[in-house]
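Coordinate analysis (summary)
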Amino acid sequence: MIHKFIMERGCIAIRLTCLQILGIFLVMLFLTNSHSIVYAHSAQNQPEFTLQPVTYDSAQPATRSYFILTAQPGATLLENVRVTNVGTTTGSVNVYPVSATTAQASGITYLSQNDPLRDVAAWIGIKQHILTLAPGQNQVIQLKIAVPGSAYSGQHMGGIGAQSVTPSAASGKGTLRITVLTRTIIAVQVNVPGVTTEQMKITGIKAGGSGGYQSLLVGMANTGGTMLNPNGALSIKDSQGRLLQVLPLKMGLILPDTSINYPVSVQKQALSAGDYQASLTLSYGHGKILNYTSKLTITQDQVNQAFSNGPLQAPTSNSMPLWQIILVALAAIVVLFVIGQKVYTMIIARRRKQIGNTTQSQDEVNNTTAHPHTKKNKVAR
């Protein structure tokens, strides 16, 4: 009994200790996140502006959020956008056109106010740039979109930006102070009717990477007139023809008349300096396939640049942050101890039952020994 009591107390103590450790870790994680939340809340007492088209096409639900327009070359469109202050204080906002382009990792991104205007951004005229709005107040401003006669048939993209004139400063008790410059952008897509083309071009493949991770940069350009969403795979072979890597490409949108160096992460075993063969297969548009093969030379300088902070390595596809690994490990320990205690309880219960049965059998034997003539006397009658 003493042995059983000590083991049960030990299991309970271990389980409580694990739960306490897990609880402390979760509390620390909550406090860390709540510290960030406090700083985020400190910046919310500011004006905040949104943009929305005044009218929309019910057949195209997306036009509730941004402009999708159709215009012939040389046409002029007049559209209205509603600017609303959804913040908590009065503020001034600067409304201006912004150029759209393709991000290096694909997808649409917008340039800054000081960058040269291109495509739709260069076609937009705004009569009133600066507005001052109270909380909840909105104002409609007019956009004049003049499509040049030389505009190619296809899809053109730009945007309208709304930026607070007075930057907000997130303050706190510490010495670190961050100036926050918020900008809201609404897309303006202009479709020019006519015969359009879907065309991708590969301009080359070279080695890249930094911070201990190696990548291959695939130079590509959308030379057609429509937005494309290509997907495919990049295969790497060594000089003896042995297949070393098969790297998937799952890309976002690529705007017409834009080019990027798309980064493809090398997986598992990194590539050392030497000569390789790169083969790319890309599918896009309406059933179009692009095949590209070229020699790939990786220099020692390129390797050193990628792995300046450590030995050769490559990113794994299922990497987890350290805190998540620790949390999973602690949770696993707690689960194992709880299961162990359950199993231990079942074993003790089974032993108790066996001991009870053995004791009952022994009692029956003892009774028989103590009264050996009981049965015979009953028979004799």
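Residues numbered from 1 in each chain as written. Predicted model: local features only at pLDDT ≥ 70, side-chain atom pairs only at ≥ 80, totals over all residues. Heavy atoms only, no water.

Let's shift gears to the sheet that holds strand β15 (residues 231–238). Hydrogen bonds between backbone groups are what pair the strands of a sheet, and the pairing can be parallel or antiparallel. Judged by pairing direction, the sheet is antiparallel, and its 4 strands sit side by side in the order β16-β15-β18-β19 without closing on themselves. Taken across any chain shown, the strands that pair with only one partner, and hence form the sheet edges, are β16 (243–250) and β19 (288–298). Put simply, the sheet's adjacent strands are angled 15 degrees from each other on average, direction ignored. Here β15 runs beside β16; their pairing, made up of 7 bridges, is antiparallel. Across the sheet, the residue bridging to Lys237 is Leu243, located in β16. (Pairing = 2+ DSSP bridges. Helix = DSSP H or I, 4+ residues; strand = E, 2+ residues; numbered from the N terminus. Axes fitted to C-alpha atoms, helices over the stretch in contact; angles between N-to-C directions.)

Looking now at the environment of Ser150. Here Ser150 shows up in the loop between β8 (138–146) and β9 (154–164). Looking at Ser150, the relative accessible area reads 69%, which means it is exposed. (Buried < 20%, exposed > 50% of the residue type's maximum accessible area, 1.4 Å probe, protein only.)

The sheet built from 3 strands is open, its strands ordered β13-β14-β17 with antiparallel pairing. Edge positions in the sheet fall to β13 (200–210) and β17 (258–265), since each has one partner strand and no second. When the angles between neighbouring strand axes are averaged without regard to direction, this sheet yields 25 degrees. In the sheet, β13 pairs with strand β14 (residues 213–222) via 10 bridges, with the strands oriented antiparallel. Paired with Ala207 across the bridge in β14 is Leu216.

A contiguous nonpolar patch, built from Val335, Ile339, Val343 and Ile347 and spanning about 320 Å² of accessible area, is present on the exposed surface. Mapped onto the elements of the fold, Val335 is located in helix α4 (residues 322–370). A residue is classified by how much of its surface remains accessible, and Val335, at 46% relative accessible area, is partly exposed. (Patch = residues over 30% accessible without salt bridge, like charges linked within 9 Å, V, L, I, M, F, W, Y side chains within 5 Å. Areas by Shrake-Rupley, 256 points an atom, 1.4 Å probe, with all protein chains shown as cover. Salt bridge = Lys/Arg side-chain N within 4 Å of Asp/Glu carboxyl O.)

Overall, the predicted model of the protein reaches an average pLDDT of 81, with 74% of residues at or above 70. Below a pLDDT of 50 lies the segment residues 1–16, which in the model reaches 11 contacts outside its immediate sequence neighbourhood of four places, other chains included. Overall, residues 30–43 carries pLDDT values under 50, and its contacts beyond four positions in sequence, including any with other chains, amount to 8 contacts. (pLDDT = per-residue confidence, 0-100. Contact = heavy atoms within 4.5 Å.)

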